[in-house]
Amino acid sequence: MGGRYYVETFGCRVNQADSAGLAADLDLSEHERVRSIAEADLVILNTCTVTHRSDADVRKAVHRLQRERPEAKVVVTGCYAQRAPEEVARIEGVHLVVGNAHKKSLPVLSGQLLDHPHAAPIVVHSTMDGVDPLELPPVEPVTTVLDRTRPFVKIQDGCDATCTYCIIPSVRGPARSATPERILGAVATLIAAGHQEIVLAGVHLGTYGLGLPAGEREDLTGLVRRILAQPGLMRLRLSCIEPMAFPMDLVDLAAQDRRLQPHFHLPLQAGADRILKRMVRPYRAADYLEVMQEIRKKVPNACLGTDVIVGFPGESEAEFQESCRLVQAADLDYVHVFSYSDREGTASTRLDEKIDPRIIKERSGELHRVSRELFHKFLDRQLGQHLEVLTLEPDAEEPEWTSTLSANYAPVRVKGQLPANRLLEVEIVGKEGATLIGRLPSPAPP
Ligand code: SF4
């Protein structure tokens, strides 16, 4: 039996793309997609588990559903379901738990759940530890788009690295890639559907190509070159790329072809070599600095971003200050700041010298301040420039304005209720808070 379903997504772009994949499979089966939880017989929570808070957000969502939509069947899948299936099954209000390796069976399992509603939650799960990538469902870029102007195309999944703080390899499994043909097919379909910007997503994007059969092997730069050759492509954006797998020839491509968006996000995680070593990050601070300076030199108006963990076990005040100095020396434009917390199942939980949570909070506050300063410097550099922007949706606070995104990832507000998914050229005439104000050339296009 089919049901009316609603997918709620937690976490990263790869999970967003996975939710679109779930919807594509559910649409192909006997289920019907609805736009709100209020209409749903089935609510699918596609979860994240990178931190304790991610898990807590899922528990809160289940409790909210119990209050607001008690008649719905709740299916929990994604990384929390993969990391702790029994723990998830014990959350009151959960009816079915499906691990990441079994997402393809979710439509059938959900149908059975509706046919045979029962008391005890069902758990469908298998470990990712030591699994052969060929035993896992292939990585499939999908063309179903869930309420997004800029679709995420998942080209890679899993990770073979061993960063000591990271739970991802144990919940997403070994690195594997979609074939170039499948990706080019999906991109062509999305272009034909009128999407102006496509975002490539992956867990360890720089390792794209790993696991592909010899005849189909392609690396990330090769794939990007082939996507840029697709007729009708307007904008291609890359998600986060780990510095240890960042192909420098991508920067040359971005310098030559402005459709490859000038926005590069490379997670640094720490500015001190001793801490990078404890994290098992295979580069030194100086290597990272060199890469970012090279990007800045070749693509001067690019937006450069990073992730930094504060309070990693053993991090001294001086080492924390090295992180602050490095993000400034690298002339970055923003920093996503993460406060370290032990994650069950990761190697760093066994490290000594845990940092006092009050000190972690202080360091987080300080690096957030540094990030704000960097971002405002970035925004100020755009003043007076003419930028190409993509219209997204009406501004939440002031609907007579439209939110847009520039090629170099700056949020720009434009006066007027403009349809989404349009590429426009605007002059940057001001800044309000952390958003730029763009003015259309007059008279405004119809
Ligand atoms: S590269 Fe490191 S941080 Fe990134 S997903 Fe893999 S293990 Fe996690």
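Residues numbered from 1 in each chain as written. Predicted model: local features only at pLDDT ≥ 70, side-chain atom pairs only at ≥ 80, totals over all residues. Heavy atoms only, no water.

## Things to note about the sheet that holds strand S15 (residues 386–394)
Pairing is mixed around the closed barrel formed by 5 strands, whose spatial order is S15-S16-S17-S19-S18. The sheet shows a mean angle of 55° between the axes of neighbouring strands, taken without regard to direction. Relative to strand S19 (residues 435–439), strand S17 (residues 411–415) runs parallel, the two being bridged by 3 bridges. Residue Arg 413 lies in a different strand from S19, and its bridge partner there is Ile 437. (Pairing = 2+ DSSP bridges. Helix = DSSP H or I, 4+ residues; strand = E, 2+ residues; numbered from the N terminus. Axes fitted to C-alpha atoms, helices over the stretch in contact; angles between N-to-C directions.)

## Notes on helix H12 (residues 317–329)
In this model, H12 (13 residues) spans 18 Å end to end at C-alpha, consistent with the 18 Å of a helix rising 1.5 Å per residue. Among the residues of H12, Glu 319, Phe 320, Ser 323, Cys 324, Leu 326 and Val 327 are the ones counted as buried. Down the axis of H12, the buried set is contained in an arc of 165°. They therefore lie on one face. On its buried face, H12 sits against helix H10 (273–278), helix H11 (285–298), strand S13 (303–310), strand S14 (334–339) and helix H13 (357–382). Count one or two residues on from H12 and you reach Asp 331, which has phi positive near 55°. (Expected span 1.5 Å × (residues − 1). Buried < 20%, exposed > 50% of the residue type's maximum accessible area, 1.4 Å probe, protein only. Arc of directions from axis to C-beta. Contact = heavy atoms within 4.5 Å.)

## Section: the side chain of Thr 207
Mapped onto the fold, Thr 207 is located in the loop between strand S10 (197–201) and helix H8 (220–228). From its side chain, Thr 207 meets the backbone oxygen of His 204 in a polar contact 2.6 Å long. Among residues more than four places away in sequence, those in contact with Thr 207 are Gln 156, Ala 175, Ser 177 and Ala 245. (Polar contact = N/O pair within 3.5 Å; in protein donor to acceptor, adjacent residues only side chain to side chain.)

## Brief notes about the pattern of salt bridges
Here the structure, examined in full by the defined rule, presents 42 salt bridges. For Arg 226, the salt bridge goes to Glu 181, with nearest N and O atoms at 3.0 Å. Here Arg 226, found in helix H8, pairs with Glu 181, found in helix H7 (residues 180–192); they are 45 residues apart in sequence, far enough to count as distant. On the accessibility criterion, Glu 181 (44% relative accessible area) is partly exposed. Within this structure, Asp 18, Lys 103, Lys 154, Asp 157, Arg 172 and Arg 176 form a network of salt bridges that share partners. (Salt bridge = Lys/Arg side-chain N within 4 Å of Asp/Glu carboxyl O.)

## Section: the packing of H7 against H8
Their axes nearest at 10 Å, the elements H7 and H8 cross at an angle of 35°. Considering only the axes of H7 and H8, their crossing is right-handed. Packed against H7, whose contacting residues are Pro 180, Glu 181, Ile 183, Leu 184 and Val 187, the element H8 presents Leu 223, Arg 226 and Ile 227 at the interface. Here the contact of H7 with H8 is composed, by residue class, of 6 nonpolar, no polar and 2 charged. (Left-handed = near helix turned anticlockwise from the far one by under 90°. Nonpolar A, V, L, I, M, F, W, Y, C, P; charged D, E, K, R; others polar.)

## Observations regarding the nonpolar core
One finds Val 224 and Leu 367 to be the most contacted residues of the largest nonpolar core, which totals 66 residues. Two domains each provide a minimum of three residues to this core, namely domain 2 (130–261) and domain 3 (265–380). When sequence neighbours within four positions are dropped, the list of residues in contact with Val 224 reads Leu 200, Leu 236, Leu 238, Leu 250, Leu 253 and Leu 260. Counting 22 residues, the second largest nonpolar core, distinct from the first, contains Cys 48, Val 74, Tyr 80 and Ala 84. (Core = buried A, V, L, I, M, F, W, Y, C linked by side-chain atoms within 4.5 Å. Domains from an automatic or database assignment.)

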